[in-house]
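Here is what each chain is made of, one letter per residue.
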Amino acid sequence: MIACLEFILWVFRFFMGACVFSFINVVICRLPRGESVVKGRSHCMECGHELAAIELIPLVSYIGLRGKCRQCGVHIPIRDFMVECTGGAAFVLCVAFYGIGKTGIISLRGLVVFLFLAVLTAVAVIDWDTRIIYDRFHLVIGILGAAAVWLFPEISLISRLIGLLIISVPMLVLAMAIPGAFGGGDIKLMAVCGWLLGWKANVFAMFAGLLTAGLYCGVMLAKKKLRRKDHFAFGPFLAIGLAMAAFCGEWIGNWYLSLL
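An account of the accompanying structure is given in this report. (Residues numbered from 1 in each chain as written. Predicted model: local features only at pLDDT ≥ 70, side-chain atom pairs only at ≥ 80, totals over all residues. Heavy atoms only, no water.)

## Side note on the environment of G73
Put simply, the rule is: Secondary structure counts use DSSP, requiring at least four H or I residues in a row for a helix and at least two E residues in a row for a strand, with both numbered from the N terminus. Per-residue accessibility, obtained with a 1.4 Å probe over protein chains only, is compared with the maximum for each type, and a residue is labelled buried under 20%, exposed over 50%, and partly exposed between these values.
Tracing the backbone through its elements, the reader meets G73 in the loop between helix 2 (60–64) and helix 3 (78–98). Judged by relative accessible area, which is 34%, G73 ranks as partly exposed. Taking the C-alpha atoms as reference points, G73 and D127, 54 residues apart in sequence, are found 28 Å from one another.

Given below as C-alpha cells:
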C-alpha cells in the first residue's frame, strides 16, 4: 500500500513538471510572435481555435487528440509533447537529486534548479528556431542566481563573481575578433549562468556545449546537411551543457582540480 502511494506521488510530481513545461510551450510559441505569454486563451496557431480545458491537459490531451487540432485537424508539433515530457522528467530528477524539503513535494534547492531547467528549455528551443535569446531569460536566471546565493552556500560568492566573467569575457573577445563567432545572447547567457552555478560548473558547461556542438557539426557535415561556413544556433548546446552542470558541474570541477 505504501509503495503504491509512493508511486502515485512520483506520478503527481511528473505531471507537475509537465504542467510547468506546458507553459514553457506557450512561451516558445508566443514570444517570437510578439504575443503576450500571460494574456489571452491558449489557441491553435493555425486556425485560432481557442482550446477548451480538456485540450489543455499536459501529455494526455496530445495523445487523446492524436497530435491534431480538434477544429482544423492540423498536426500539433511532436516537440510540444516532448517538451512536456522533459518537464516531467526534470521535476522528478530534481526531486531525486535535491530531495523534497519541508513541502513534501520538492525542496527549494530543487525548485531553483527545476526553474533553471525550464528557462534553459525555452532558450534552447527559441534560439534553435530564431537564433535569438531574449534578455528576459537572462534576467530570470540572474534572479535564480540571487536565490542560489542563499540556497547553495557551498558555492562561494567569489566563485560566482569569477563565473560571471570566466567564460563570457573570452567569448566577447572572440566575438569582437571574429564577427559571428558568438552571439550577444550566448555571451550574456554564460555570464548569468556563471553567477548562478559558479565558475567550475560554468567551465564544465562550456566544455560540454562545445563537445555536443562539435558532435552535431560532425554528423551534419558527414550527411552533407551542413557546410563548413554555415552558422547555426549555439544556444541549444550551451543549454545542454548548463543543464548537466546544474547537477554535476561543481563536482566534476572539484574532481578535475584534485588531479592537478
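Next comes the rest of the account.
## A word on the packing of aromatic side chains
Any aromatic ring pair is given by two values, namely how distant the centres are and how the planes are angled relative to each other. Going by this rule: The aromatic pairing rule takes the rings of Phe, Tyr and Trp, using the six-membered ring of Trp, and pairs them if the centres are within 6.5 Å, calling planes under 30 degrees apart stacked, those over 60 edge-to-face and the rest tilted. Only when the NZ of Lys or the CZ of Arg is both within 6 Å of the ring centre and within 35 degrees of the ring normal is a charge said to sit over the ring.
The full count for this structure, using the stated rule, is 15 aromatic pairs. On the numbers, 5.0 Å between centres and 65° between planes, the contact of F97 with Y98 is edge-to-face. Look at Y98 and you get buried, because its relative accessible area is 16%. Grouped by ring-pair contacts, the aromatic residues F97, Y98, F152 and F247 constitute a single cluster. Here R13 stacks its cationic end above the ring of W10, 4.5 Å away from the centre of that ring.

## Brief notes about unusual backbone geometry
Backbone geometry at L59 places phi at a positive 70°, although glycine is not the residue there. In this structure, R66 is a non-glycine residue whose phi angle is positive, near 55°. Looking at where R66 falls in the secondary structure, it is placed in the loop between helix 2 and helix 3. You can call R66 exposed: its relative accessible area is 74%.

## Details of the pattern of salt bridges
Our working rule: By salt bridge we mean one thing: a side-chain nitrogen of Lys or Arg within 4 Å of a carboxyl oxygen of Asp or Glu.
Per the stated rule, a full pass over the model turns up three salt bridges. As a salt-bridge pair, R79 and D129 come within 2.8 Å of each other at their nearest N and O atoms. Residue R79 is located in helix 3, and its partner D129 is located in helix 4 (residues 108–130); the two are separated by 50 residues in the primary sequence. Between E154 and R109 there is a salt bridge, with the nearest N and O atoms lying 3.0 Å from each other. Separated by 45 residues along the polypeptide, E154 in the loop between helix 5 (135–151) and helix 6 (157–166) and R109 in helix 4 bring together distant segments of the chain. Given a relative accessible area of 49%, E154 falls into the partly exposed group. Relative accessible area serves as the criterion here: at 27%, R109 is assigned to the partly exposed category.

## Structural notes on helix 9 (residues 199–222)
Quick reminder: α-helices carry 3.6 residues per turn. Residues three or four places apart thus point the same way. So the rule is basically this: In a helix, the anticipated span is given by 1.5 Å times the number of residues less one.
With 24 residues, helix 9 extends 34 Å between its outermost C-alpha atoms, agreeing within 8% with the 34 Å of an ideal straight helix rising 1.5 Å per residue. One or two steps after helix 9, the chain reaches K224, where phi turns positive at roughly 60°.

## As for the side chain of E250
The condition that has to hold: Neither His nor the chain termini are counted; the positive set is Lys and Arg, and the negative set is Asp and Glu. A contact between two residues is defined here by any heavy atoms of the two lying within 4.5 Å.
Assignment of secondary structure puts E250 in helix 10 (residues 235–259). Buried charge without a salt bridge: E250, with K200 as the nearest opposite-charge side chain at an N-O distance of 4.1 Å. Ignoring any residue separated from it by four or fewer positions in sequence, one finds E250 in contact with I155, L197, K200, A201 and A245.

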